[in-house]
Amino acid sequence: MNMTHYMSLLADNQPWNLLIFMAIPVICAETLTITEFFIIFNRTQRGGLRTLNKFVGIFDGIYFTGIFIYLLINAVIPLTMTGGWHTWVDVVAVGFYLSGVVFLLPMALMELGIIFKNKTDNQKMKIHFILVGGFLVVAHIAMIFGMINPEIINNMSTMPNNM
């Protein structure tokens, strides 16, 4: 069975690629989500849970930006230049995965006090929640499309099968 480059990336170099490209960013996002609910419910402004949330938000934003840059240079540009994409499903899976940077980088920048400096704590809490939710949505879309066998869309006999 042929697979998308998204799934191929996760399947190669086991278990390291799975940990680096999936487990770390998603576990961080899930940690953010769980702590976010407690913070919002209790209107927590400081304390251990808020510190954990802030640290994980900064770490995940910077970490995922590194992943974005690495995959853009080593996968997206070469695949685009050589026509190596495994149908539009492959592009959607990789594109949505990489679009996570649109949500995680602003979160890190906000937590570092670089952007949204003039927002109130409630406004920042709302922005943070939207960014966490946005990342979870695009990550799940990437996972769903990444698991599709591209051959059901198009015969891939002429397409290279490596990243």
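Our subject is the structure listed above.
Residues numbered from 1 in each chain as written. Predicted model: local features only at pLDDT ≥ 70, side-chain atom pairs only at ≥ 80, totals over all residues. Heavy atoms only, no water.

A. Structural detail: the layout of surface pockets. Taken as a whole, the largest pocket holds about 300 Å³ of empty space. Lining the largest pocket we find 13 residues, and of these Gln45, Arg50, Glu111, Asp121 and Lys124 sit closest to its centre. If you list the elements that add at least two residues to the lining of the largest pocket, you get α2 (16-42), α3 (48-82), α5 (101-111) and α6 (121-146). A per-element tally of the lining of the largest pocket places α6 first, with four residues. When grouped by side-chain class, the residues that make up the lining of the largest pocket number three nonpolar, four polar and six charged. (1 Å grid on protein atoms, 1.4 Å probe; cavity = no way out; pocket = protein on both sides within 12 Å on 5 of 7 lines; lining within 4 Å. Points joined across faces, edges and corners; volume = space filled by probe spheres on them. Helix = DSSP H or I, 4+ residues; strand = E, 2+ residues; numbered from the N terminus. Nonpolar A, V, L, I, M, F, W, Y, C, P; charged D, E, K, R; others polar.)

B. Expanded view of the packing of aromatic side chains. All told, the structure shown has eight aromatic pairs when counted by the stated rule. An angle of 25° between the planes, with centres 5.4 Å apart, marks the rings of phenylalanine 59 and tyrosine 63 as stacked. With phenylalanine 59 and tyrosine 63 both in helix α3, this residue pair falls four residues apart, about one helical turn. For phenylalanine 59, a relative accessible area of 35% gives the class partly exposed. With a centroid separation of 5.6 Å and an interplanar angle of 75°, the aromatic rings of phenylalanine 64 and phenylalanine 135 are classed as edge-to-face. (Phe/Tyr/Trp six-rings, centres within 6.5 Å; stacked < 30°, edge-to-face > 60°. Buried < 20%, exposed > 50% of the residue type's maximum accessible area, 1.4 Å probe, protein only.)

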